[in-house]
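Spelled out from the first residue to the last, the chains are:
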Amino acid sequence: MIVADKKPIEEIIECLKDHKNILVLGCNECVTVCEAGGKKEVGVLASALRMNARKEGKEVKIDELTLERQCDREYLDEIRDSIDQYDAVVSLACGVGVQFTAEQYHDKPIYPGVNTTFLGATEERGVWTERCQACGQCILATTGGICPVARCAKRLFNGPCGGSTTGKCEINAEVDCAWQLIVDRLKALERLDDYEKLCPLKDWSTDRAGGPRKVVREDVKQ
Amino acid sequence: MPCTGKVDVIHIMRSFEKGADGVAVVGCLEGECHFNAGNLMARRRVEQAQKILDTVGVGGQRAQMYNLSSSEGPRFAQYATEMTEKIKELGPNPIRVAKNKAA
Ligand code: SF4
């Protein structure tokens, strides 16, 4: 899922200081799972904003709504009839949701309420870690299911580097060396021979290096 | 509530939004939660609410977490007195004051 973290409330308050009718808009997908931008977080932020406005003697209307998704037009259409009552929206969706909402409602300022951080997994409640950088050409088949693009600090394809020490990465003693994990996994799969094979140069044109990306699927396109 | 583990930040926030001067969350003794960690989660949520309340100028000290066992009536009374003293010191909820002024 897309992992996001809450933005400091002070930052959001500063963005909204000139607005009088505000919609706090959550998303029911990834940001709900990582407890940054779902219905609960919308409620807490809206309540904090209302109290802040009240304390400062400002008359501000702050409403709350959480959509099924903000990265699909059909769900964003749900606010088409009500959006005119607001002069600003704080979107607690990931960066995709914020931008897609802004595209649909071109003349409305849409402010981000979270910091979108990475594609990751839930280790335990409150702990998320990165697993994928969406490079556009998956190589997990050859690396024992562990991604050196996302998990090796140097994105090495024929690692480890000389900084790997007792299974940890030289950038931080708490970070596992991705290549140690790859070797261990290949060993468990009895595929250590694969480790000896040199990984060829990767075509990075499918990564961000090739500019913004697009997927067109003729088989499902309407 | 059957367990303080059910207390969420939003419950504390809404209480202050509606004008409460203070909120005391009283849970079982730490380590003695029937559901293992309900009271520990409650404490973290109270701490979270305190931070937000400080940020918006209500004052985090108005939300407090206390722990006791169900047989400790006198201690409950002591906590209630403590809380009342604390809130008296802090004065009325500034949100309510602002609301009344605006009305
Ligand atoms: S120690 Fe391992 S994870 Fe860290 S940069 Fe070197 S190969 Fe990559």
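Residues numbered from 1 in each chain as written. Chains lettered and ligands numbered in written order. Predicted model: local features only at pLDDT ≥ 70, side-chain atom pairs only at ≥ 80, totals over all residues. Heavy atoms only, no water.

Undergrad: I keep staring at the environment of E74 of chain A and nothing clicks. Help me out?
TA: Counting through the fold element by element, E74 of chain A comes out in helix α4 (residues 73-76). Residues E74 of chain A and D219 of chain A lie 145 residues apart in sequence; the distance between their C-alpha atoms is 21 Å. (Helix = DSSP H or I, 4+ residues; strand = E, 2+ residues; numbered from the N terminus.)

Undergrad: Which parts of the structure should I look at to understand the layout of surface pockets?
TA: If a probe the size of a water molecule is rolled over the atoms, the empty space left behind becomes visible. By volume, the largest pocket is sized at about 1100 Å³. Around the largest pocket, the lining is made up of 37 residues, and of these K6, E35 and E41 of chain A together with V9 and Q48 of chain B lie nearest the centre. Of all the elements in the fold, those that place two or more residues in the lining of the largest pocket are β1 (2-6), α1 (9-15), α3 (39-55), β6 (114-124) and β7 (127-132) of chain A together with α1 (9-17) and α2 (38-55) of chain B. Of the residues that constitute the lining of the largest pocket, the class distribution is 18 nonpolar, five polar and 14 charged. The space that makes up the second largest pocket amounts to roughly 380 Å³. For the second largest pocket, the lining is made up of 13 residues, of which I2, G95, V96, Q99 and L119 of chain A are closest to its centre. If you list the elements that add at least two residues to the lining of the second largest pocket, you get α5 (95-104) and β6 of chain A. When residues of the lining of the second largest pocket are assigned to their parent elements, the largest contribution, five residues, is made by α5 of chain A. (1 Å grid on protein atoms, 1.4 Å probe; cavity = no way out; pocket = protein on both sides within 12 Å on 5 of 7 lines; lining within 4 Å. Points joined across faces, edges and corners; volume = space filled by probe spheres on them. Nonpolar A, V, L, I, M, F, W, Y, C, P; charged D, E, K, R; others polar.)

Undergrad: Is there a simple way to explain the environment of G95 of chain A in this structure?
TA: Residues and elements named next belong to chain A. You can see G95 is positioned in helix α5. Taking relative accessible area as the criterion, G95 reaches 26% and is therefore assigned partly exposed. Separated by 58 residues in the primary sequence, G95 and A153 place their C-alpha atoms 24 Å from one another. (Buried < 20%, exposed > 50% of the residue type's maximum accessible area, 1.4 Å probe, protein only.)

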